[in-house]
Amino acid sequence: MSLPKEYDDLPGTVVFDFDRARQGYHLNMFCMSLMKPENRAAFKANERAYLDKWPMTEEQKQSVLKRDWNGMLALGGNIYFTSKIAATDGLSFQQIAAIMTGSTQEQYAQMMLKGGRPVAGNRSKSEWKNRG
Amino acid sequence: MARIVAGVAASHIPAVGAAWDNGKAGEPYWRPVFEGFERSKEWIAKLKPDVCIVVYNDHASAFSLEIIPTFAIGCAAEFPIADEGWGPRPVPPVKGHPELATHIVQSVVLDEFDLTVVNKMEVDHGLTVPLTLMFGQPKEWPCPVIPISVNVVVYPVPTGHRCYMLGRAIRKAVESFDKNLRVVIFGTGGMSHQLQGPRAGLINREFDTRFLDNLTRDPQSLVKISHFEYLRETGSEGIEMVMWLIMRGALDDEVREVRRFYHVPASNTALGHIILENTRR
């Protein structure tokens with residue numbers, strides 16, 4: 001038996017629940033290790049070798065190597081953890097947010113300056129069906 | 001007797017801390033944000049609270065996925081500043097108030113709120129950015145701070161009702177502390193924002209405005225907001241607003257709004273700020 005997850009209908013959103021936290025445990029713990037400068041240096045020196053120290057799935061490792069930010073979330077990553085990879089890369093939260101939305105930095109920054117993404121039309125997956 | 005005299009709510013956007021720390025507070029993008037807090041800084045400098053209780057959430061700094069307390073309270077004498085991936089913020093370490101914190105634990109556990117006691121903890125932008133907004137850049141923070149950390153990272157987070165009732169229990173605890181202390185409670189995080197996925201950038205000014213209005217007008221309506229409504233209407237990270245309800249629950253039923261500020265955008269987020277004073281002072 002599982003609890004109903006009506007939030008799975010939210011478009012473009014991965015709600016990081018305890019099931020996903022279990023799936024992404026090692027991915028997120030790898031991200032957590034990047035809080036230490038010596039670990040950031042080791043990761044930058046050889047990303048693959050550093051990732052191989054963690055019992056993550058190959059898919060999770062590939063998502064990190066490719067900086068597939070949405071892919072990491074789909075595989076159990078959480079944004080507060082994956083943002084530590086971004087910090088290691090010298091990217092801001094807004095920069096990775098832009099990438100995840102598929103916009104350029106300029107487009108995303110402009111959208112935010114104009115008041116952000118409206119909630120109308122963004123409440124249900126059914127509203128996103130006709131998007132290109 | 002100790003008393004909670006006022007509540008402060010403020011977003012805790014990391015980019016705001018970074019802008020301050022890197023000397024960008026005067027730039028056109030950030031200036032309105034810091035100007036929005038000028039009068040609030042004057043207000044708190046005049047009030048001179050003896051202790052601040054700061055309700056915030058940790059962002060994978062002190063708590064990884066190894067231990068995920070729904071509610072935790074910092075009882076240490078000092079809380080170092082966390083390195084969140086780009087070095088610790090250049091702000092003073094946060095001094096605690098172990099005596100009052102320990103008293104709160106004992107009182108609220110007997111009131112059926114089983115807080116996790118944390119005697120060693122680093123604090124991240126969730127706690128330090130609101131301090132910067134309210135106190136600027138002092139050599140030392142002007143008063144001890146009791147951190148109360150809430151899990152809003154892994155879903156389900158505690159309900160708004162639970163948070164509100166915890167606030168009530170904290171108020172009762174503070175009022176049974178036998179020293180004359182004037183306490184301000186902070187609720188941090190929010191307002192509407194989504195940091196992740198293709199829906200990132202969501203902002204809902206109408207929801208946020210109603211939320212700010214109802215902190216004085218009809219707090220009980222806020223307590224009833226469901227998790228799904230927060231997620232759908234305010235973005236996946238907007239649900240942090242449940243932490244404001246701990247602050248609200250810790251205040252009297254009758255409060256007066258003395259300050260409000262709302263600004264879009266601060267990075268990905270709608271920055272919200274309000275100050276509420278208990279009317280009996």
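Read on for a plain summary of the structure. (Residues numbered from 1 in each chain as written. Chains lettered and ligands numbered in written order. Predicted model: local features only at pLDDT ≥ 70, side-chain atom pairs only at ≥ 80, totals over all residues. Heavy atoms only, no water.)

**Thoughts on the interface of chain B and chain A**
- Chain B puts 43 residues into the contact, and the matching count from chain A is 45 residues.
- Between chain B and chain A lies a buried interface of about 3,900 Å² when both sides are counted; carbon and sulfur atoms form 64% of it.
- A salt bridge links E233 of chain B to R123 of chain A, with the nearest nitrogen and oxygen atoms 2.7 Å apart.
- Counting only elements with at least two residues in the side of chain B that touches chain A, the list comes to α9 (227-234) and β9 (255-266) of chain B.
- No other element matches α9 of chain B, which puts four residues into the side of chain B that touches chain A.
- In terms of residue class, the side of chain B that touches chain A is built from 20 nonpolar, 15 polar and eight charged. (Contact = heavy atoms within 4.5 Å. Buried area = accessible area lost by both parts, 1.4 Å probe. Salt bridge = Lys/Arg side-chain N within 4 Å of Asp/Glu carboxyl O. Helix = DSSP H or I, 4+ residues; strand = E, 2+ residues; numbered from the N terminus. Nonpolar A, V, L, I, M, F, W, Y, C, P; charged D, E, K, R; others polar.)

**Observations regarding unusual backbone geometry**
Residues and elements named next belong to chain B.
- In this model, G190 is joined to M191 through a cis peptide bond whose omega is -5°.
- Secondary-structure assignment places M191 in the loop between β8 (182-188) and α7 (205-217).
- In this model, V264 is joined to P265 through a cis peptide bond whose omega is -5°.
- Position of P265 relative to the elements: it lies in strand β9.
- Its identity as a non-glycine residue notwithstanding, A60 has a phi of 55°, on the positive side.
- Its place among the elements puts A60 in the loop between β2 (51-56) and β3 (71-74).
- At S267, a residue that is not glycine, the phi angle is positive and equals roughly 60°.

**Some points on the sheet that holds β2 of chain B**
Residue and element names in this part refer to chain B.
- In spatial order, the strands read β6-β3-β7-β2-β8-β1-β10-β9; together these eight strands make up an open sheet with mixed pairing. Only two strands of the sheet have a single neighbouring strand rather than two, namely β6 (116-118) and β9. Direction aside, the axes of adjacent strands within the sheet are offset by 20° on average.
- One ladder, built from three bridges, connects β3 with strand β7 (residues 145-150); its direction is antiparallel. Counterpart to A72 in the pairing with β7 is S149.
- Relative to the sheet, helix α3 (residues 38-47) contacts β1 (3-10), β8, β9 and β10 (269-278), its axis offset from that of β10 by approximately 30°. (Pairing = 2+ DSSP bridges. Axes fitted to C-alpha atoms, helices over the stretch in contact; angles between N-to-C directions.)

**With respect to the pattern of salt bridges**
Residues and elements named next belong to chain A.
- Counted under the stated rule, the structure contains 21 salt bridges over all chains.
- Residues R48 and E58 are paired through a salt bridge, measuring 2.9 Å at the closest nitrogen-oxygen approach. Taken together, the positions of R48 in helix α4 (residues 47-51) and E58 in helix α5 (residues 58-65) put the pair ten residues apart, joining distant regions of the chain.
- Because the salt bridges share partners, they merge into one network encompassing K5, D17, D19 and R22.

**Notes on the state of the cysteines**
Residues and elements named next belong to chain B.
- Summed over the entire model, instances satisfying the criterion amount to zero disulfides over all chains.
- No disulfide involves C75; its sulfur sits 17 Å from that of C143, the nearest cysteine.
- In this structure C143 is not part of a disulfide, and its nearest cysteine sulfur, from C52, lies 3.6 Å away.
- Classification of C143 by relative accessible area gives buried; the value is 7%. (Disulfide = S-S within 2.5 Å. Buried < 20%, exposed > 50% of the residue type's maximum accessible area, 1.4 Å probe, protein only.)

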